[in-house]
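For reference, the chains in residue letters:
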Amino acid sequence: MMLLVLTVARLVAATTSTGLSGSPSPPHSACADVQRELNAAIVRADPVFELPSGGIDCPVDFVVLEAEDLMLIGAPDNSTTFWFDPRMAGFTVMNSRNVTVRNVAIDHNPLPYIQLDITKVTRNTSGGPPAYEFQAGVRSLPLDKLDGSWGAISQWWLWSGDGADRWVKSSPSFPLPKYSMFASTGDGSYKSLPDFPQLGNAARGDSLTIMLRQYHTYTIGNSSAVTNEDITIYSSKGLNFYELDGEGGHTYRRVANKRRDGQLISSNADCFHSIDVATGPLIEDSELAYCLDDFFVSLAKL
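Residues numbered from 1 in each chain as written. Predicted model: local features only at pLDDT ≥ 70, side-chain atom pairs only at ≥ 80, totals over all residues. Heavy atoms only, no water.

S.K.: Account for the pairing of strand β19 (residues 239-244), with residues named and values stated.
M.R.: Here β19 lies mainly inside the structure; six of its six residues are buried. Here five bridges tie strand β17 (residues 216-221) to β19, and the two strands are oriented parallel to one another. Bridge pairing in β19 places Gly221 opposite Leu244. Bridge count for β19 against strand β22 (residues 272-275) is four bridges, and the pairing is parallel. Looking across to β22, one finds that Leu244 is bridged to Ile275. (Buried < 20%, exposed > 50% of the residue type's maximum accessible area, 1.4 Å probe, protein only. Helix = DSSP H or I, 4+ residues; strand = E, 2+ residues; numbered from the N terminus. Pairing = 2+ DSSP bridges.)

S.K.: Please set out the packing of aromatic side chains residue by residue, giving values where relevant.
M.R.: Tallied over the entire structure, the rule returns twelve aromatic pairs. For the ring pair Phe82 and Phe91, a centre distance of 5.3 Å and an interplane angle of 80 degrees mean the geometry is edge-to-face. By relative accessible area, Phe82 is classed as buried at 0%. A ring pair is formed by Phe241 and Tyr252, whose centres lie 5.9 Å apart and whose planes are at 75 degrees; its orientation type is edge-to-face. With Phe241 in strand β19 and Tyr252 in strand β20 (residues 251-253), this residue pair connects regions lying eleven residues apart in the sequence. Here Phe241 and Tyr252 have matching classes, each one buried. Linked through ring pairs, Phe62, Phe82, Phe84, Phe91, Tyr218, Phe241, Tyr252, Phe272, Phe295 and Phe296 together constitute an aromatic cluster. The ring of Tyr290 has Arg259 lying over it, and the distance from NZ or CZ to the ring centre is 3.4 Å. The aromatic ring of Tyr234 is capped on one face by Arg260, whose charged end is 3.8 Å from the ring centroid. (Phe/Tyr/Trp six-rings, centres within 6.5 Å; stacked < 30°, edge-to-face > 60°. Lys NZ or Arg CZ within 6 Å of the ring centre and 35° of its normal.)

S.K.: So what's going on with the pairing of strand β9 (residues 97-108)? Which residues, and what values?
M.R.: Burial analysis of β9 places nine of its twelve residues in the buried class, the great majority of the element. Across five bridges, the pairing between strand β6 (residues 68-73) and β9 is parallel. Bridge pairing in β9 links Leu70 to Val99. Pairing between β9 and strand β18 (residues 227-233): six bridges, direction parallel. Bridge pairing in β18 links Val104 to Ile231.

Structure representation (structure tokens):
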């Protein structure tokens, strides 16, 4: 398991931005409506499909299916943002050829992982594990909303509170699902229970990320010559940019995997993962950072 902060080419961040800091603005377009309009445009073989400005609320996948020679373009004001459900939803291009996706942002609300700020550490004088008290971090997935359907908590990461934004320590995989590690004390605060792992040198003011790795955020499957431009992903529940199967030969230009203010990570898993495509990806002028696994994986010829 590696945490890497690396960039590709000229370290140019994607130009797509919602202009948001902290909590997002309420979405104003229903994903089902936009999906229905896109499906009709694909059937008509329209050359261009313009996405609406502002947020697009997606409780399920948004899928570009069996499209050919199509440009899918976000609003000129750079505000087009897909807000996906943190459990099982993402943006997918499937069974398509010569498609361009341009000028969109992708995020989740709440985030698809847990962020906690340590507010108190009580040492155990009898030699047992210390007790911790936490405050929920920015847009954190609420602990009291979790159940076994989320699957296992796989790792936790501790961050120092000295402003250095440096990783301190990670755990081995938890033998979970075990959400009995926490108890809510109300008002977004939590306390640790006996099952909670010891955090070593954790101190008041440090922060904790707990990863819930599942599903993928931006997927291109069984397709060829898909061009992805000016796409920014601010949070990812599993693999971030993920391409698999088919001819491949996809281009990623000015794409970014990055954090909003207050976020500790951008992705629960790989920044970029390519597998089982005939031709691997071309990545230009892009930023891939703060992922809780590999920076770049390609199991294909570049």
